[in-house]
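Descriptive structure summary
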Amino acid sequence: MGCLGNLIWFLCGGFVMGLSWLAAGILWCITIIGIPIGIQCFKFANLAFFPFGKEVVYGGGAGSFLLNLVWLLATGILLATEAAILGCLFCVTIIGIPFGLQCFKIAKLALMPFGSSIV
């Protein structure tokens with residue numbers, strides 16, 4: 001399911017979601033202070049392009065919490081909303097439910113990307 005799911009995902013919505021993460025990373029990298037945030041966006045763009053077979057592990061401390069707050073106010077709400085809307089649209093059909101669940105995984109990641117890692 002991983003390879004076929006990733007291919008269908010990429011063609012049916014993952015490309016747009018991945019481009020959103022890449023655009024966010026480029027915008028964050030414009031400033032010197034935002035480069036670490038932009039690099040994290042590029043890592044998660046890979047997950048947005050091909051999410052099947054990958055899991056997100058959440059963790060972190062006070063530094064991650066502060067970065068997540070800045071991220072949430074600047075970019076996170078838009079990316080989370082995009083992923084949640086796509087997830088709801090995918091879940092309308094039974095065949096689309098696995099793709100909707102991947103969207104919800106990415107929406108949660110868009111709310112708390114710092115302190116998390118992809119396994």
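First, a word on scope: everything that follows refers to the structure included in this document. (Residues numbered from 1 in each chain as written. Predicted model: local features only at pLDDT ≥ 70, side-chain atom pairs only at ≥ 80, totals over all residues. Heavy atoms only, no water.)

1. Some points on the state of the cysteines
One pass over the full model with this rule turns up zero disulfides. Unpaired in this structure, Cys-29 has its nearest cysteine sulfur neighbour in Cys-41, at a distance of 7.7 Å. Here Cys-29 falls in the partly exposed class, since its relative accessible area comes to 25%. (Disulfide = S-S within 2.5 Å. Buried < 20%, exposed > 50% of the residue type's maximum accessible area, 1.4 Å probe, protein only.)

2. Regarding the nonpolar core
Ranked by size, the top nonpolar core spans 25 residues in total, and within it Trp-9, Met-17, Trp-21, Cys-41, Trp-71, Leu-79 and Ile-106 carry the most contacts. Setting aside chain neighbours within four positions, we find Ile-106 in contact with Trp-9, Met-17, Trp-21, Leu-47, Ala-48, Pro-51 and Ala-83. (Core = buried A, V, L, I, M, F, W, Y, C linked by side-chain atoms within 4.5 Å. Contact = heavy atoms within 4.5 Å.)

3. With respect to a nonpolar patch on the surface
Together, Ile-26, Ile-32, Ile-35, Ile-39 and Phe-42 make up an exposed nonpolar region whose accessible area comes to about 470 Å². For Ile-32, the position within the fold is in the loop between helix H1 (2-29) and helix H2 (35-49). Exposure remark for Ile-32: the relative accessible area of 73% places this residue in the exposed category. (Patch = residues over 30% accessible without salt bridge, like charges linked within 9 Å, V, L, I, M, F, W, Y side chains within 5 Å. Areas by Shrake-Rupley, 256 points an atom, 1.4 Å probe, with all protein chains shown as cover. Salt bridge = Lys/Arg side-chain N within 4 Å of Asp/Glu carboxyl O. Helix = DSSP H or I, 4+ residues; strand = E, 2+ residues; numbered from the N terminus.)

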